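# Residue-level structural notes
This is what each chain is made of:
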Amino acid sequence: MMKELSLHILDIAENSVNADANTVSINIEEDSRKNLLNIIIQDDGKGMDSEMLRMVTDPFITTRTTRKVGLGIPFLKEAAEACNGQFSITSQPGKGTCVESSFQRDHIDRMPMGAIQNTFLDLLVGFPDVHWIFKYRIDEEEFDLDSEPIHKTLDGIPLSDPAVLKYLKNEIENGIKRVQRK
Amino acid sequence: MNKINSLDDLKRVREEALEKRSKTAVSGKAHVIIGMGTCGIAAGARETMKAVLDYIESEKMEGILVTQTGCIGLCEQEPILQVVRGDEEKVTYGKVDPEVAKRILKEHVSDGKIVKDHVVNL
């Protein structure tokens, strides 16, 4: 269904927003020596109880009255497990949710990261009220982006202002390029 | 990356934006909403949003708010894009690929003409 890890990341992050999270952190780490790729998405949203938690990982059980339970989580779980990886989701009502997935980095079925720069930019601009903390690391090289100082500096100028968009796009694209340089 | 420098750059961007804002008087604000549920993402909504942001940037369109929403129950019409132009009623578009998105921004958001062949009747 989804051909890039960065699309899965976008999808899971949307869940966090829908769970009324104030802060969402996305942490991607690739380790070439350990041959691992980890993705951790953590939020402080309303969380889930154990019953709901069981439902969101099973694509064939759904309450589907308000369409709160989608296919996004089972998709990512399947993708990770197909690559000798692991998937876990932990959640506490009122505290938040953490979705962790790992992949064997050089596994033949491991999806490419894809346009992670677009995922970051879309989330940042599309949900200006959420505090985003992005981290993307490959071995020693790391890119960090925190939305808070950006909003503070802009002081009321929206992220969808053309000049701001240009700045953000460059900043994110260059950062990702630097990390992926090897 | 030197973060302090980078935020200084952003400060300059802010000042430029403020300057432009005072020159171009309020020209009817618009809100563009993109459906980013699992269904939307799987249908290519991220590329639609990229096209919207790229167009705003390249055409220097001021005063446009771009946000996202989840699944609105029209999965078969995804990617979905909605436009609220000033006080006008919300228009919902379906099957909005990057090319259609550009058309909507140009013809509807800029010029006020609804792109009829992609309207979804709710």
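Predicted model only: the values in this text are computed from it and were never measured.

### As for the overall build of chain A
The number of helices and strands found in chain A is 6 helices and 6 strands. Secondary structure of chain A in N-to-C order comes out as α-β-β-α-α-β-β-α-β-β-α-α. Computed over C-alpha atoms, the radius of gyration of chain A comes to 17 Å, within 12% of the 16 Å expected from 2.2 N^0.38 for 182 residues, which places it in the range of a compact globule. Summarising its shape, the C-alpha atoms of chain A cover approximately 45 × 40 × 25 Å along the three principal directions. Relative to its 182 residues, chain A shows a buried fraction of 42%. If you take every contact in chain A between residues at least 6 apart in sequence, the share linking residues at least 24 apart comes to 65%.

### Observations concerning the sheet that holds strand E1 (residues 23-31) of chain A
Residue and element names in this part refer to chain A. Taken in spatial order, the 6 strands make up an open sheet running E3-E4-E2-E1-E5-E6, and their pairing is mixed. The open sheet has two edge strands with one neighbour each: strand E3 (87-92) and strand E6 (141-146). For this sheet, the mean angle separating the axes of adjacent strands, direction not counted, is 5°. Here E1 pairs with strand E5 (residues 131-138) via 8 bridges, running parallel. Its bridge partner lying in E5, Glu29 is registered against Arg137.

### With respect to the interface of chain A and chain B
Listed by partner, the interface residues are 35 residues for chain A and 34 residues for chain B. Among the secondary structure elements, those contributing two or more residues to the side of chain A that touches chain B are helix H1 (5-18), helix H4 (116-126), helix H5 (147-154) and helix H6 (162-179) of chain A. Sorting elements by how many residues they give to the side of chain A that touches chain B places H6 of chain A first, with 8 residues. Classifying every residue of the side of chain A that touches chain B gives 18 nonpolar, 9 polar and 8 charged.

### Some words on helix H3 (residues 45-59) of chain B
All names here are of chain B. Spanning 15 residues, H3 covers 21 Å between terminal C-alpha atoms, matching the ideal 21 Å at 1.5 Å per step. Residues of H3 that are buried: Ala45, Arg46, Thr48, Met49, Ala51, Val52, Leu53, Tyr55 and Ile56. Following H3 by one or two positions, Lys60 adopts a phi angle in the positive range, close to 50°.

### Here we look at the pairing of strand E2 (residues 36-43) of chain A
Residues and elements named next belong to chain A. Only one face of E2 is covered, namely the face carrying Leu37, Ile39, Ile41 and Asp43; the face carrying Leu36, Asn38, Ile40 and Gln42 is uncovered. Pairing analysis gives 8 bridges linking E1 to E2, with the strands arranged antiparallel. Across the sheet, Val24 pairs through a bridge with Asp43, a residue of E2. Relative to strand E4 (residues 96-104), E2 is paired through 8 bridges, and the arrangement is antiparallel. For Ile41, the partnering residue across the bridge sits in E4 and is Val99.

### Here's the deal with the packing of H3 of chain B against helix H4 (residues 98-110) of chain B
Residue and element names in this part refer to chain B. Where H3 contacts H4, the axes come no closer than 8 Å and their chain directions differ by 40°. Relative to H4, H3 is oriented oblique. Of the two elements, H3 crosses H4, and the hand of that crossing is right-handed. Two secondary-structure elements touch here, H3 through Glu47, Thr48, Ala51, Val52 and Tyr55 and H4 through Pro98, Ala101, Lys102 and Leu105. Looking at the contact of H3 with H4, its residues break down into 6 nonpolar, 1 polar and 2 charged.

### Remarks on the confidence of the model for chain B
Counting all residues, the mean pLDDT for chain B is 89, and 90% of those residues have values of 70 or more. Put simply, helix H1 (residues 3-23) of chain B is where chain B has its lowest mean pLDDT, 80, and strand E4 (residues 91-93) of chain B is where it has its highest, 97.

### Description of the pairing of strand E3 (residues 81-85) of chain B
Residue and element names in this part refer to chain B. Of the pairings in the sheet, the one linking strand E1 (residues 30-35) to E3 comprises 5 bridges and is antiparallel in character. The residue of E3 that forms the bridge with Ile34 is Leu81. Of the strand pairs in this sheet, E3 and E4 are connected by 3 bridges, and their pairing is antiparallel. Residue pairing across strands places Leu81 opposite Tyr93, the latter belonging to E4. Adjacent in sequence and paired antiparallel, E3 and E4 are bridged by 5 residues, among which Gly86 carries a positive phi angle near 55°.

Conventions we followed
Residues numbered from 1 in each chain as written. Chains lettered and ligands numbered in written order. Predicted model: local features only at pLDDT ≥ 70, side-chain atom pairs only at ≥ 80, totals over all residues. Helix = DSSP H or I, 4+ residues; strand = E, 2+ residues; numbered from the N terminus. Rg over C-alpha atoms; globule rule 2.2 N^0.38 Å. Buried ≥ 20, exposed ≤ 12 C-beta atoms within 10 Å, placed from the backbone. Contact = placed C-beta atoms within 7 Å. Pairing = 2+ DSSP bridges. Axes fitted to C-alpha atoms, helices over the stretch in contact; angles between N-to-C directions. Nonpolar A, V, L, I, M, F, W, Y, C, P; charged D, E, K, R; others polar. Expected span 1.5 Å × (residues − 1). Parallel < 35°, antiparallel > 145°, perpendicular 65-115°, else oblique. Left-handed = near helix turned anticlockwise from the far one by under 90°. pLDDT = per-residue confidence, 0-100.

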